[in-house]
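Chain residues, written in single-letter form:
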Amino acid sequence: MEDNNEKIAVIIPCYNHAKYLSQSIKSIQDQSYKNLEIILVNDGSSDDTHDIMSGAAEADNRVRYIRIPSNTGKWNCLNMAIKMCDSNIITCHDADDVALKDRIFRQYQCLKETGTFHNLCGFYHCWNEDDVAAHANKTIVGEIDYMGPQEVLELVSAGFATQGVNHYYTGEFETAGVSAMFYKDIWLLGIRFNPPGAGLRVLNSEDSDFNFRVTAFVRNTSVLKEKLYCYRRETSTNNEMV
């Protein structure tokens, strides 16, 4: 694709999700957007995560592998990888999920066309492997459909002010928190991924907490109204020991 001119970092942390890890990594390696810096972080896993990640790094020169001796939490993995990455644009991907092949390209296109600093896309709820198979190979073409910064800010603010809403609320169109694509400058300004119990993480995941704060303080978030992510609902990548 002609727009593959900026390197984008994709961070995949993993704690004992070897069962799905190879498929997860491959869905990023097979992206239509090829100029990627793929950072795999083994957060003290005791399963086959090391073998899978080290093998991927040996086979693909776009892949970097970080091995942490003991479990420190997904939030720490993300901060560590962002600190060391060479790319100015960053996104994340969970070790048990699958990205549609145009996910990175379409989000990058939305980021550029809207002039925003922070972008999220939608997702498919996948309750079993048949659901993953039904959606993983879908493609989306044509003009992008998106929500602009003011609409996103209004929806997120309304959700935050509503009792019982404990996620990043964007109305009827659900976004995948982990799909956030953002400029590294946001992280360098001090908006980091929080540990459990810090800030909004009292009620939310590290993804929602991060996205809430970026949207509220930077006020330049767009939402790509396309489902580009297969989210496995029967697993959890937040198995933190700390």
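Preceding this section is the structure that the text describes.
Since the structure is predicted, the reported quantities are computational estimates derived from the model, not experimental observations.

Engineer: I would appreciate a short explanation of the packing of helix H6 (residues 149–160) against helix H8 (residues 206–218) in the present structure.
Structural biologist: Any two packed helices are characterised by the angle at which their axes cross and by the distance between the axes. The contact between H6 and H8 brings their axes to 10 Å, and the two run at 125°. In terms of their interaxial angle, H6 and H8 are classed as oblique. Crossing hand, H6 versus H8: left-handed. From H6, Val152, Leu153, Val156 and Phe160 reach across to H8, where they touch Phe212, Thr215 and Ala216.

Engineer: Looking at this model, I keep getting lost on the pattern of salt bridges. Mind explaining?
Structural biologist: Oppositely charged side chains may form a pair once their charged atoms are brought near each other. If you walk through the whole model with that rule in mind, you get eleven salt bridges. Of the charged contacts in the structure, one is a salt bridge between Lys112 and Glu6, with a shortest N-O distance of 2.8 Å. Taken together, the residues Lys112 in helix H4 (residues 103–114) and Glu6 in the segment before strand E1 (8–14) connect sequence positions 106 residues apart. The shortest N-O distance in the salt bridge between Glu129 and Arg232 comes to 2.7 Å. Of this pair, Glu129 sits in helix H5 (residues 129–135) while Arg232 sits in strand E9 (residues 221–232), placing them 103 residues apart in sequence. Via salt bridges that share partners, Lys74, Asp94, Glu206 and Asp207 belong to a single interconnected network.

Engineer: Teacher, can you tell me more about the nonpolar core here?
Structural biologist: Most often, soluble globular proteins have nonpolar side chains that are buried together. Membership of the largest hydrophobic core comes to 34 residues, with the highest contact counts inside it found for Ile11, Val41 and Phe182. By residue number, the principal contributor to this core is helix H3 (residues 74–84), which donates five residues. Leaving out residues up to four positions away in the same chain, Val41 has contacts with Ile11, Ile12, Pro13, Cys14, Met53, Ile66, Ile68, Cys77 and Ala81. Of all hydrophobic cores here, the second largest spans 23 residues; its members include Ile25, Leu36, Ile104 and Tyr108.

Definitions and limits used
- Residues numbered from 1 in each chain as written.
- Predicted model: local features only at pLDDT ≥ 70, side-chain atom pairs only at ≥ 80, totals over all residues.
- Heavy atoms only, no water.
- Axes fitted to C-alpha atoms, helices over the stretch in contact; angles between N-to-C directions.
- Helix = DSSP H or I, 4+ residues; strand = E, 2+ residues; numbered from the N terminus.
- Parallel < 35°, antiparallel > 145°, perpendicular 65-115°, else oblique.
- Left-handed = near helix turned anticlockwise from the far one by under 90°.
- Contact = heavy atoms within 4.5 Å.
- Salt bridge = Lys/Arg side-chain N within 4 Å of Asp/Glu carboxyl O.
- Core = buried A, V, L, I, M, F, W, Y, C linked by side-chain atoms within 4.5 Å.
- Buried < 20%, exposed > 50% of the residue type's maximum accessible area, 1.4 Å probe, protein only.

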